[in-house]
Amino acid sequence: LRARLALVFAGIFALLLVTGGALLYYLLIGGYQEDFDDNLGDGIMAARSLLAVDRPEFPTKEEAVAHIVGELIYGDRTILAFRTDGTLLAVSRRVPHHPLFDDITLTMPVKEPMTLELREGEARVLRAPLTEGVDLVLALDGSGLAHQKANLRLALFTGLPFILVV
């Protein structure tokens with residue numbers, strides 16, 4: 001009777017730990033994803049701020065946009081500017097040893113981050129209006145988020161069994 005009761009309690013404890021671990025995993029992953037998406041939004045806001053400052057220096061809006069996209073150089077992301085008809089205006093310069101996500105087309109919805117599998121790997125992508133008639137697409141290298149998810153899974157899958165044994 002004692003052995004069965006101990007087994008029942010151990011099973012309930014294991015179920016609670018696994019359920020709690022899964023809940024913790026999904027909460028943390030959601031937070032990581034939200035931070036990642038906020039990072040995309042920050043890049044769009046930086047481009048808008050630069051455009052507001054630099055626009056008077058250029059005779060056309062397209063030249064100003066090309067200049068802005070050329071100034072915003074990040075290693076982990078690619079910035080593309082499109083006319084709303086889909087014509088590519090500019091692509092940010094590539095940083096050596098980092099992906100260049102220049103194979104994006106203007107087909108994704110506006111202001112809704114999504115994950116795309118591109119030629120140089122997985123990227124989290126956001127499209128947003130930059131100025132009238134011009135949309136900006138920012139593609140952030142997804143390997144950092146994938147690495148965070150893998151580390152979290154490793155920590156949970158090694159930590160939970162350890163707690164059960166001890």
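These lines cover the structure that appears in this document, whether it is placed above or below. (Residues numbered from 1 in each chain as written. Predicted model: local features only at pLDDT ≥ 70, side-chain atom pairs only at ≥ 80, totals over all residues. Heavy atoms only, no water.)

To continue, consider the pairing of strand E3 (residues 114–118). Pairing of E3 with strand E4 (residues 121–131) involves 5 bridges; the strand directions are antiparallel. Among the inter-strand pairings, Leu118 is bridged to a residue of E4, identified as Gly121. Taking the residues that link successive antiparallel strands as the turn, the E3-E4 hairpin has 2 residues. (Pairing = 2+ DSSP bridges. Helix = DSSP H or I, 4+ residues; strand = E, 2+ residues; numbered from the N terminus.)

Formed by 21 residues in total, the largest nonpolar core has its most connected members in Val65, Val69, Leu130 and Leu136. Only helix H1 (2–54), helix H2 (61–71), strand E1 (77–83), E4 and strand E5 (134–141) provide two or more residues apiece to this core. The element that contributes the greatest number of residues to this core is H1, accounting for 5 residues. Not counting residues up to four positions away in its chain, the partners in contact with Val65 are Leu51, Ala81, Leu89, Leu130, Thr131 and Val134. Core analysis: the next-biggest nonpolar cluster, separate from the first, contains 11 residues, Leu80, Ile104, Ala123 and Val137 among them. (Core = buried A, V, L, I, M, F, W, Y, C linked by side-chain atoms within 4.5 Å. Buried < 20%, exposed > 50% of the residue type's maximum accessible area, 1.4 Å probe, protein only. Contact = heavy atoms within 4.5 Å.)

We now examine unusual backbone geometry. Phi is positive for His97, close to 70°, though the residue is something other than glycine. If you trace the backbone, His97 turns up in the loop between strand E2 (88–91) and E3. For His97, a relative accessible area of 82% corresponds to the exposed category.

Moving on: the pattern of salt bridges. With the rule as written, the count across this model stands at 5 salt bridges. Arg77 is the salt-bridge partner of Asp76, the closest N and O atoms lying 3.1 Å from each other. (Salt bridge = Lys/Arg side-chain N within 4 Å of Asp/Glu carboxyl O.)

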